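Structure assessment
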Amino acid sequence: MKTIELPLPDDFHAHLRQDAQLPGYVRDLSAQFGRALVMPNTIPPMTTAAAIADYKSQILESASFVRPDFEVLMTFKLNPNYSEQDLKDMMAVGVVAGKYYPAGVTTNSADGISDFEAVFPVVAMMEKLGLVLCVHGEEPGEFCLDREPAFIKRVEILAEKFPKLKIVFEHLSSAKAVEAVKRLPNNVAATFTVHHLMMTLDDVVGDALRPHHFCKPLPKRPEDRAAIREAAFSGNPKFFLGTDSAPHLQGKKECPCGAAGVYSAPVAIPLLVQEFDRAGALDKLPDFIAGFGADFYQIPRTTKRIEVVKESWTVPAVVNGVVPLAAGQTLEWKIRD
Ligand code: NCD
Ligand code: ZN
């Protein structure tokens, strides 16, 4: 049986939710990843050291049953009101990044940023303290497919105004954004999700309405997906994995006003092995899943390993009340238990 050994992956963009849902989502993620950057768009949002410390301990408690050495990198939701002491207090409990959500562009972002320049003083403090700025780069009010390209100018402004700030343009979905990240200085990197590597808008609405593929930013044209794939398979250190695994209960997706988010955590690594293998780029996978991201965040690369075996299995129709990516499909690669 064919076996591949890989470094234990890092997920630089994951949603773990709260309360009764959290333990199952943490178990699914920690089964495949050794470290995760946890997004702050909870209700209420993560904005204080005390709340983040509590959230972190809940996550680690749930992970302890699957992977006792699971590590979490925490984030806070950016707003204009933080003091430098607030940021230092959050760093003391494990925060490594702040997340910029433009107002209203995605799940739980109604309280996001509408006045771009109002956050500059906090962003300047982040630059000084070495906190990474993670950006959901979609411009509110634009036509849905144009929101990401329309946001590029803001990333350019941030990169120019704050040259020492590390910026991650999250979950790229357009060729224009891939091009911009390549062009911008080395303080700007980007994450790719598994689903944006695999899907176009056709997989969301092309033949039928597939609510479990609906996410922000929307998957776009074939040439956009091609640009993402080319960059992921090229071994360019500016591009690394952030799954944006974003679980919503089945009923929140299969309804008249469905939530945005794809639940990829249960299948992320098998699908990535499949895609890199088919592209003849398996040699580029270790850095993409467990190298370039750690380097950018300036944390040590992992020394831990997992094994993936060529053994077919069928993805369950529902996992923890959520319909996962590739539900019901037979995959050819499996994580060895
Ligand atoms: C995410 C979620 O559900 O929290 N949804 C999504 O479609 N990606 C939020 C986000 O990262 O945009
Ligand atoms: Zn996200």
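As a reminder, the structure under discussion sits directly above these lines.
Let me begin by describing the structure that accompanies this report. (Residues numbered from 1 in each chain as written. Chains lettered and ligands numbered in written order. Predicted model: local features only at pLDDT ≥ 70, side-chain atom pairs only at ≥ 80, totals over all residues. Heavy atoms only, no water.)

Around a metal, the perfect tetrahedron of four donors has angles of 109.5 degrees, and the perfect octahedron of six donors has angles of 90 or 180 degrees. The coordination sphere of the zinc ion (ligand 2), as far as protein atoms go, consists of His13 (NE2), His15 (NE2) and Asp244 (OD), spread over 2.0 Å. Of note is the zinc ion (ligand 2), whose four donor atoms meet at the metal with angles of 91 to 135° in an arrangement that counts as irregular. Written as a sequence motif, the donor residues of the zinc ion (ligand 2) are H-x1-H-x228-D. Of this pair, His13 sits in strand 2 (residues 10–14) while Asp244 sits in the loop between strand 9 (239–241) and helix 10 (250–253), placing them 231 residues apart in sequence. Residue class for Asp244 comes out buried when judged on its relative accessible area of 6%. (Donors = N, O, S within 2.8 Å, 3.2 Å for Na, K, Ca; no water. Tetrahedral: all angles 85-135°; square planar, octahedral: opposite > 155°, others 65-115°. Helix = DSSP H or I, 4+ residues; strand = E, 2+ residues; numbered from the N terminus. Buried < 20%, exposed > 50% of the residue type's maximum accessible area, 1.4 Å probe, protein only.)

Here the focus is the nonpolar core. Membership of the largest hydrophobic core comes to 92 residues, with the highest contact counts inside it found for Ile59, Phe76, Leu78, Ile269 and Leu272. Per-element tally for this core: the top contributor is helix 11 (residues 268–278), with six residues. With near-sequence residues (within four places) excluded, Ile269 lies in contact with Leu6, Pro9, Gln32, Phe33, Leu241, Ile289, Ile306, Val308 and Ile335. (Core = buried A, V, L, I, M, F, W, Y, C linked by side-chain atoms within 4.5 Å. Contact = heavy atoms within 4.5 Å.)

Here we come to the environment of Glu179. Mapped onto the elements of the fold, Glu179 is located in helix 6 (residues 175–183). A residue is classified by how much of its surface remains accessible, and Glu179, at 44% relative accessible area, is partly exposed.

In the neighbourhood of ligand 1, 15 residues make up the surrounding shell, with Arg17, Asn41, Thr106, Lys216 and Asp244 lying closest. His15 is positioned such that a nitrogen or oxygen atom in its side chain is 3.2 Å from an oxygen atom of ligand 1. Gly261 has a polar backbone atom sitting 3.2 Å from an oxygen atom of ligand 1. Its free accessible area being 310 Å², ligand 1 has 100% of it covered by the protein chains. (Near = heavy atom within 4 Å. Polar contact = N/O pair within 3.5 Å; in protein donor to acceptor, adjacent residues only side chain to side chain. Areas by Shrake-Rupley, 256 points an atom, 1.4 Å probe, with all protein chains shown as cover.)

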